[in-house]
Amino acid sequence: MTKEFALNFTGLNSKVGMLELPVSPDMIATVTEIPRGQENWFKNFKFDMNPCKEFLKQQFINSDLSKSIPRSCVKESHAQLLTCIQKYLTCEGRYNKVYS
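Remember, it's a predicted structure, so these values are computed and weren't measured experimentally.

### With respect to the nonpolar core
A general tendency of soluble globular proteins is for nonpolar side chains to be buried together. Judged by nonpolar contacts, Met49, Cys52, Leu56, Ile61, Leu65, Ile69, Cys73, Val74, Leu82 and Val98 together constitute the single largest core of 10 residues. Apart from the residues within four sequence positions on either side, Val74 is in contact with Phe55, Lys57, Ile69, Ala79, Leu82 and Val98.

Structure, rendered in structure tokens:
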């Protein structure tokens, strides 16, 4: 049935046997019970760096680090934890910088 559904899918509907099924984002949300929502775009979000200053080496606390923080600015005591977060939670592969 799945194969027949996929082969007959037109973008608006699909036909399985004699049954014609409408397909739309609203219908998918209803059938899967996953609420339909909009994706939040966070790329232009102004990040408050003040709470992060405790993780920085003393000489970099007052630097303008609005977009990213070079790894060399982070205290050694937090560097390993930061690498774990980058590798396993965010899947960020650029380890020389920390992005807000």
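Here the narrative resumes, following the displayed structure.
### Focus: the confidence of the model for the chain
The share of residues in the chain with pLDDT of 70 or more is 87%, and the mean pLDDT across the chain is 80. Taking the mean pLDDT of every element in the chain, the minimum, 73, falls on strand S4 (residues 97-99) and the maximum, 90, on strand S2 (residues 19-22).

### Things to note about the environment of Lys15
The topology assignment puts Lys15 in strand S1 (residues 13-16). Along the backbone, Lys15 and Glu4 are 11 residues apart, and their C-alpha atoms lie at a distance of 7.6 Å. When neighbours within four sequence positions are excluded, Lys15 is seen to be in contact with Glu4, Asn8 and Glu20.

About the cut-offs
- Residues numbered from 1 in each chain as written.
- Predicted model: local features only at pLDDT ≥ 70, side-chain atom pairs only at ≥ 80, totals over all residues.
- Heavy atoms only, no water.
- Core = buried A, V, L, I, M, F, W, Y, C linked by side-chain atoms within 4.5 Å.
- Buried < 20%, exposed > 50% of the residue type's maximum accessible area, 1.4 Å probe, protein only.
- Contact = heavy atoms within 4.5 Å.
- pLDDT = per-residue confidence, 0-100.
- Helix = DSSP H or I, 4+ residues; strand = E, 2+ residues; numbered from the N terminus.

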